[in-house]
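Structural characterization, general
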Amino acid sequence: MKTLQDALYNWLTIKIVSNARPDDSAARETTELFEEILLSKFGATDLKITKDKTLYRVSYKHEGEVKENRFPIVLADFTLEQINENPERYVNYPVED
């Protein structure tokens, strides 16, 4: 990730998928990977998502200050929509115990 905005967008899109598919181990692991990138590379913590009619708002703490980035719903939900429209392409492989 070159920018904090890119990392936040990628984290948001996979977080949306992970929330919608709680048994999807790949989505959960990818969410955790982006959270680690946001923390280690950009110093972003305390990630929170809110949603209104047109935007997702991602708030986070950076250098002691609360900041916010906004992303259009139509873009952020695109990955989940693709999964839902083509489930045969996105098979879930749950972790076996």
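Located above this text is the structure these notes cover.
Reading the values: the criteria
Residues numbered from 1 in each chain as written. Predicted model: local features only at pLDDT ≥ 70, side-chain atom pairs only at ≥ 80, totals over all residues. Heavy atoms only, no water. Helix = DSSP H or I, 4+ residues; strand = E, 2+ residues; numbered from the N terminus. Expected span 1.5 Å × (residues − 1). Buried < 20%, exposed > 50% of the residue type's maximum accessible area, 1.4 Å probe, protein only. Pairing = 2+ DSSP bridges. Axes fitted to C-alpha atoms, helices over the stretch in contact; angles between N-to-C directions. Contact = heavy atoms within 4.5 Å.

For helix 1 (residues 4-20), with 17 residues, the first-to-last C-alpha span of 24 Å sits near the 24 Å given by 1.5 Å per residue. Considered for burial, the residues of helix 1 that qualify are Leu 4, Ala 7, Leu 8, Trp 11, Leu 12, Thr 13, Ile 14, Ile 16, Val 17 and Ser 18.

Okay, the environment of Lys 67 next. Counting through the fold element by element, Lys 67 comes out in strand 3 (residues 65-72). Residues Lys 67 and Glu 88, spaced 21 residues apart in sequence, show a C-alpha to C-alpha distance of 38 Å.

Looking now at the sheet that holds strand 1 (residues 44-51). The strands making up a sheet associate through backbone hydrogen bonding, with each pair oriented either parallel or antiparallel. Taken in spatial order, the three strands line up as 1-2-3 in an open sheet, and their pairing is antiparallel. Looking at the sheet topology across the chains shown, the edges are occupied by strand 1 and strand 3. Between one strand axis and the next, the sheet turns through 20 degrees on average, direction left out of account. Of the strand pairs in this sheet, strand 1 and strand 2 (residues 55-62) are connected by six bridges, and their pairing is antiparallel. Bridge assignment links Thr 50 to a residue of strand 2, and that residue is Arg 57. Across the sheet, helix 1 is in contact with strand 1, strand 2 and strand 3; its angle to strand 2 comes to roughly 120 degrees.

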